[in-house]
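Spelled out from the first residue to the last, the chains are:
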Amino acid sequence: MSLTGTPFFLFALLLLIVAFVLPFAVWGRVAGPPAVRGIARLLMLLFAQVTAITVVFLLVNNANNLYDNWGDLLGTGNHIDAARNLGPDGLGGKNLHDQPKVHQQFRPADDPVVGPNVQMTDLKGQISGVNGEVYVWLPPQYNDPAYKDKKFPVVELLPGYPGSSKSWLGSLKVAQQLTPLMQSGAVKPFILVSPRTNVLPNADSGCVNIPGKVNADSWLTVDVRQMIIDNFRAGDKPDAWGLAGYSAGAHCSAKLALAHPDRFRAAVAMSGYNDPAIEPDSLAGKDPKLRAETNPMHILKAANDAGKPPRTALYISGAAADGYSAGMGLKQIAKQPTTVNVQMIPASAGGHTVPVWKRQVPEIFRWFGLFLRA
């Protein structure tokens, strides 16, 4: 039975009703010695507590798309085939132009929470050795005959940790929000791509490559990106590609865009951070060397010191202690052609929550329209 499906939620709700009614029905009828009666009554109370906690967890999980399935929740899912050392460029010495095209079979999304017109595929990363589902939404113009020869810019959507590849499409309703805006011309048409980022059991990869462990950076910036280019009318130049993330996904978004200006032009980071150690389960945050090297401040400063500030546009938003300060730190050291737009979100807006990020969707995609073109 699916963790996020309606049947399991209704089953849990039924158990909660039974657990609530049971003590009233049999409390005084329990027979046997006092110890037996006490144990039976204690079990009834524990049953009520467990079912109540389960229902609350399912409500929170389904609203925020934290865990996709039982494997994610229990840490039993395996999404890594190999994690060889791919070098500083994350390509392992391979030239993508020499690689065979990755032709994928797509099917309608298997969960209605993501909304209409979303398709998905199961991708085996040829470079990264990571496997996972990838959701794709095409803008209204994609199948319009007037656009049949046109390529489209792409935005990769990254959730927080824990987080599901359904989060942006399900909880933030990004496609439903953007459809009328794209139809009216208020927002440019983009292809939206939402790949799996929860690829390790009970750990946040930090979207980095760690030989012998995981190549999460190459999964997102090489394999997923190239698959979209091979299967859709998507631009293949950096100017056609952007990243958007919230919370841990915001850290990834800024980090990946700054580290790979040859692949991405712009990135949005909502309620993020620079130091990966802020996330206790971050693998990058637990390694002193990686902690320093994968901090967006370090990446930008190193590029500046080398005389090669990246041609990267960043849009960073958050409350004072929830992304805003991190953004101001990057803005203070940014040199042209790097640009950093920092927006303060009032603490009264709702905190580190989905509704806060959901409300920003129209604005961040209007901002993407200033930089991304296929």
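First things first, this report covers the structure right here in the doc.

Rules used in this analysis
Residues numbered from 1 in each chain as written. Predicted model: local features only at pLDDT ≥ 70, side-chain atom pairs only at ≥ 80, totals over all residues. Heavy atoms only, no water. Helix = DSSP H or I, 4+ residues; strand = E, 2+ residues; numbered from the N terminus. Rg over C-alpha atoms; globule rule 2.2 N^0.38 Å. Buried < 20%, exposed > 50% of the residue type's maximum accessible area, 1.4 Å probe, protein only. Contact = heavy atoms within 4.5 Å. Areas by Shrake-Rupley, 256 points an atom, 1.4 Å probe, with all protein chains shown as cover. Lys, Arg positive; Asp, Glu negative; His and termini not counted. Charge placed at Lys NZ, Arg CZ, Asp CG, Glu CD. Pairing = 2+ DSSP bridges. Axes fitted to C-alpha atoms, helices over the stretch in contact; angles between N-to-C directions. Phe/Tyr/Trp six-rings, centres within 6.5 Å; stacked < 30°, edge-to-face > 60°. Lys NZ or Arg CZ within 6 Å of the ring centre and 35° of its normal. Salt bridge = Lys/Arg side-chain N within 4 Å of Asp/Glu carboxyl O. Patch = residues over 30% accessible without salt bridge, like charges linked within 9 Å, V, L, I, M, F, W, Y side chains within 5 Å. Polar contact = N/O pair within 3.5 Å; in protein donor to acceptor, adjacent residues only side chain to side chain.

### Looking at the overall build of the protein chain
Item 1. Broken down by element type, the protein chain carries 13 helices and eleven strands.
Item 2. In summary, the protein chain has a C-alpha radius of gyration of 23 Å against a globular reference of 21 Å for 374 residues, a match within 12%.
Item 3. Dimensions of the protein chain, computed from C-alpha atoms along their principal axes, come out at roughly 80 × 50 × 45 Å.
Item 4. Taking all 374 residues of the protein chain together, the buried fraction comes to 52%.
Item 5. For the protein chain, long-range pairs separated by at least 24 residues make up 73% of all intrachain contacts whose partners lie at least 6 apart in sequence.
Item 6. With the model as given, the accessible surface of the protein chain reaches about 16700 Å², and the carbon-plus-sulfur share is 60%.
Item 7. Averaging the coordinates of the 34 positive side-chain charges in the protein chain and doing the same for the 27 negative ones gives two points 4 Å apart.

### A look at the sheet that holds strand β2 (residues 118–124)
Item 1. Taken in spatial order, the nine strands of this open sheet run β1-β2-β3-β5-β4-β8-β9-β10-β11, and their pairing is mixed. Either end of the sheet is taken by a strand with one partner, and the two such strands are β1 (107–108) and β11 (339–344).
Item 2. Both strand β4 (residues 154–158) and strand β8 (residues 241–246) contribute to a ladder of five bridges, which runs parallel. Each residue of the ladder has a partner; that of Val155, found in β8, is Gly242.
Item 3. In the packing of helix α7 (residues 248–259) onto the sheet, the strands contacted are β4, β8, β9 (266–270) and β10 (313–318), and the crossing angle to β8 comes to about 155 degrees.
Item 4. Across the sheet, helix α11 (residues 324–333) lies against β10 and β11, angled at about 155 degrees from β11, the strand it touches most.

### Describing the packing of aromatic side chains
Item 1. Tallied over the entire structure, the rule returns 13 aromatic pairs.
Item 2. Ring plane angle 80 degrees and centroid distance 6.2 Å describe the contact between Trp241 and Phe264, whose orientation is recorded as edge-to-face. Of this pair, Trp241 sits in strand β8 while Phe264 sits in the loop between α7 and β9, placing them 23 residues apart in sequence. Phe264 carries the same exposure label as Trp241, and that label is buried.
Item 3. Taken together, Phe190, Tyr315, Phe365, Trp367, Phe368 and Phe371 form an aromatic cluster joined through their ring pairs.
Item 4. Positioned above the aromatic ring of Tyr142, the side-chain terminus of Arg233 is 4.2 Å from the ring centre.

### Re the pattern of salt bridges
Item 1. On inspection of all chains with the given rule, the structure shows 13 salt bridges.
Item 2. With a closest N to O distance of 3.1 Å, Arg107 and Asp122 form a salt bridge. Of this pair, Arg107 sits in strand β1 while Asp122 is found in strand β2, placing the two residues 15 residues apart along the sequence.
Item 3. Here Asp122 falls in the partly exposed class, since its relative accessible area comes to 47%.
Item 4. Arg265 serves as the salt-bridge partner of Asp239, at 3.8 Å between the closest nitrogen and oxygen. With Asp239 in the loop between α6 (216–231) and β8 and Arg265 in the loop between α7 and β9, the pair connects residues that are 26 residues apart, well separated along the chain.
Item 5. Accessibility expressed as a relative area gives 11% for Arg265, which makes it buried.
Item 6. One salt-bridge network, in which partners are shared between bridges, spans Asp239, Arg265 and Arg311.

### Quick word on the pairing of strand β5 (residues 191–195)
Item 1. For β5, the tally of buried residues reaches five of five residues, placing the bulk of the element in the interior.
Item 2. Where strand β3 (residues 131–137) and β5 come together, four bridges link them in antiparallel fashion. Looking across to β5, one finds that Tyr135 is bridged to Ser194.
Item 3. Pairing between β4 and β5: three bridges, direction parallel. Its bridge partner lying in β5, Glu156 is registered against Val193.

### Observations concerning a nonpolar patch on the surface
Item 1. Residues Leu10, Leu13, Ile17, Phe20, Val21 and Phe24 make up a contiguous nonpolar surface patch of about 630 Å² in total accessible area.
Item 2. Of note, Val21 is situated in helix α1 (residues 6–26).
Item 3. Using a relative accessible area of 44% as the deciding quantity, one classes Val21 as partly exposed.

### Some remarks on the side chain of Asn274
Item 1. If you trace the backbone, Asn274 turns up in the loop between β9 and α8 (283–286).
Item 2. Exposure remark for Asn274: the relative accessible area of 11% places this residue in the buried category.
Item 3. A polar atom in the side chain of Asn274 sits 3.1 Å from the backbone oxygen of Ala326.
Item 4. Residues within four places of Asn274 in sequence aside, it is in contact with His251, Asn295, Pro296, Met297, Ala326 and Leu330.

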